[in-house]
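Per-entry structural report
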Amino acid sequence: MTIEENVLLAPYTTLKIGGPARYFAKVATEDELVEAVRFARGLGLPLFVLGGGSNLVVADRGFDGLVVQIAITGKVFAGSASGSTMRILFQVPAGIDWDTFVAIACEAGYAGVECLAGIPGTVGGSPVQNIGAYGQEVSQTIHTVRVFDLEAHDFVDLSAKECEFGYRRSIFNTSQRGRFVVTRVVFEFDLDTLVRLNYEDLKRHFGDKPNPRPLEVYRAVREIRAGKGMLIDPETAGPDERSAGSFFKNPVVSTRVVTDILETLAPDEGTMPQWPTDDGKVKLAAAWLIEHSGFKKGYAQGRVGISSRHTLALINRTGDATCDELLRLRDLIVLTVEQRFGVTLAMEPVMLG
Ligand SMILES: Cc1cc2nc3c(=O)[nH]c(=O)nc-3n(C[C@H](O)[C@H](O)[C@H](O)COP(=O)(O)OP(=O)(O)OC[C@H]3O[C@@H](n4cnc5c(N)ncnc54)[C@H](O)[C@@H]3O)c2cc1C
């Protein structure tokens, strides 16, 4: 393992924004990870774990510590779960590309992750914010997550329950943020699970066709995502693909807030999308709130802007935008939505530096 100095982080992110890391190490094995951790400890440096950089905003001044890129790849092992002929476990190294694993599971005919096709990033990054799309969340198929515990300086297996998954959250991005490095994820599939389509775009795509196969859904999801600029193809990537995906989470508010908003809507503003949550609150669509605050798809502010195909994606239009420019646009959107609807939008990507 080599430890490089002053490595520009922008190329390691899908936004292509951000300054240098003081030190940078690409680790290919668990032993190399331990070695990198020792190096950081020895110099008293903060450590940041990098996957595919697809949910990351790096500050222009960079990061004064060690960035460890998880490049632990290798074979994906599949085998039956102990005591069951109906359940199969996939052991997947953290550095494997997420979509590659989804394709493997779908090609083998297992349902459970097909709606998460085309999400960029690594397998190790997937449990961190409990990635979700088109009615599916990765937590639904996670069996265990193998991690290096930076406090105990040891490897442990965390059960899905111990990861405390929720909407775009887990212990990895909340209570235990920065404590664990994911080195492997074990996924569990039931052999008799059929594909369930919960999302309108997908249901429309398949029309009356009953029980599409996982691989068919995988292809359909990628097609839908490509249409929204939510699929990164390095060959054809344009300005809409220089993003960190959805920049804002869908806010969850009280019913009182919803009533207040509905009272302010003009008749021509249509119906505000809203979904009840299990704890008696209401989830709103961040995209709808942003659009109804005056920001349309394709909105531009200098070198940054909003994707022409997806309101939630803030983009680096020209490829040479700065983090400060991006955060100014973020602040403008948050403030305008707050003034219009009294709802504060939270940023989804992780901020480094
Ligand atoms: C075009 C586009 C579309 C997207 N669509 C979706 C979507 O539909 N649904 C969705 O949920 N997300 C989506 N995302 C966001 C992103 O792809 C996911 O959050 C992804 O899982 C991030 O993984 P990563 O490896 O790129 O993590 P990074 O961006 O590198 O890191 C993100 C966070 O995870 C931590 N991390 C990464 N790897 C590890 C590890 N091995 N151990 C411990 N911590 C780690 C980092 O420290 C950081 O805090 C999209 C992003 C883009 C650019």
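Residues numbered from 1 in each chain as written. Predicted model: local features only at pLDDT ≥ 70, side-chain atom pairs only at ≥ 80, totals over all residues. Heavy atoms only, no water.

Brief notes about the site of the ligand
- Around the ligand sit 34 residues, and of these Val49, Ser54, Asn55, Thr122 and Arg225 come closest.
- Measuring from an oxygen atom of the ligand, one finds a backbone N or O atom of Asn55 at 2.7 Å.
- A distance of 2.9 Å is found between an oxygen atom of the ligand and a backbone nitrogen or oxygen belonging to Pro120.
- Relative to its unbound accessible surface of 960 Å², the ligand loses 94% to contact with the protein.
- Looking at side-chain class alone, the shell around the ligand contains 17 nonpolar, 15 polar and two charged residues. (Near = heavy atom within 4 Å. Polar contact = N/O pair within 3.5 Å; in protein donor to acceptor, adjacent residues only side chain to side chain. Areas by Shrake-Rupley, 256 points an atom, 1.4 Å probe, with all protein chains shown as cover. Nonpolar A, V, L, I, M, F, W, Y, C, P; charged D, E, K, R; others polar.)

Observations regarding the packing of aromatic side chains
- One pass over the full model with this rule turns up 17 aromatic pairs.
- Considering the side-chain rings of Phe101 and Phe189, the 6.5 Å spacing of their centres and the 50° angle between planes classify their relative orientation as tilted. With Phe101 in helix 2 (residues 98-107) and Phe189 in strand 12 (residues 180-190), this residue pair connects regions lying 88 residues apart in the sequence. Comparing Phe101 with Phe189 shows no difference in burial state: the two are buried.
- Above the ring of Tyr167, the side-chain terminus of Lys283 is found at 3.9 Å from the ring centroid. (Phe/Tyr/Trp six-rings, centres within 6.5 Å; stacked < 30°, edge-to-face > 60°. Helix = DSSP H or I, 4+ residues; strand = E, 2+ residues; numbered from the N terminus. Buried < 20%, exposed > 50% of the residue type's maximum accessible area, 1.4 Å probe, protein only. Lys NZ or Arg CZ within 6 Å of the ring centre and 35° of its normal.)

With respect to the packing of helix 2 against helix 4 (residues 214-227)
- As a packed pair, helix 2 and helix 4 sit with axes 7 Å apart at the nearest point and diverge in direction by 145°. For the crossing formed where helix 2 meets helix 4, the hand is left-handed. Residues Asp99, Val102, Ala103, Cys106 and Glu107 of helix 2 form the contact with helix 4, whose own contacting residues are Pro214, Leu215, Tyr218 and Arg222.
- In terms of residue class, the contact of helix 2 with helix 4 is built from six nonpolar, no polar and three charged. (Axes fitted to C-alpha atoms, helices over the stretch in contact; angles between N-to-C directions. Left-handed = near helix turned anticlockwise from the far one by under 90°. Contact = heavy atoms within 4.5 Å.)

Some details on the sheet that holds strand 5 (residues 63-70)
- Spatially, the four strands line up as an open sheet ordered 1-2-5-3, and their pairing is mixed. Bordering the open sheet on either side are strand 1 (3-8) and strand 3 (47-50), each of which pairs with just one other strand. Between one strand axis and the next, the sheet turns through 35° on average, direction left out of account.
- For strand 2 (residues 20-27) and strand 5, the ladder comprises six bridges, and the chain directions are parallel. Looking at the pairing, Ala21 lines up with Phe63 of strand 5. (Pairing = 2+ DSSP bridges.)

Re the pairing of strand 7 (residues 87-93)
- Extensive coverage of strand 7 is indicated by the burial of five of its seven residues.
- Pairing of strand 6 (residues 77-80) with strand 7 involves four bridges; the strand directions are antiparallel. Its bridge partner lying in strand 7, Gly79 is registered against Leu89.
- Taking the residues between adjacent antiparallel strands as the criterion, strand 6 and strand 7 are bridged by six residues, where Gly83 takes a positive phi near 75°.
- Here strand 7 runs beside strand 12; their pairing, made up of seven bridges, is antiparallel. Note that in strand 12 the partner of Val92 across the bridge is Val185.

Considerations on the domain arrangement of the chain
- Split by domain assignment, the chain resolves into domain 1 (3-70), domain 2 (77-227) and domain 3 (239-352).
- The distance between the C-alpha centroids of domain 1 and domain 2 comes to 25 Å.
- Between domain 1 and domain 2, the residue contacts involve twelve residues of the former and 14 residues of the latter.
- Summing both partners gives a buried area of about 1100 Å² for domain 1 against domain 2, and 65% of it is carried by carbon and sulfur.
- There are one salt bridge connecting domain 1 and domain 2.
- The closest approach of N and O atoms between Arg146 and Glu30, which form a salt bridge, is 2.8 Å.
- Across the contact surface, domain 1 and domain 2 share five residue pairs in polar contact (both at pLDDT 80 or more).
- Among the secondary structure elements, those contributing two or more residues to the side of domain 1 that touches domain 2 are helix 1 (30-43) and strand 3. (Domains from an automatic or database assignment. Buried area = accessible area lost by both parts, 1.4 Å probe. Salt bridge = Lys/Arg side-chain N within 4 Å of Asp/Glu carboxyl O.)

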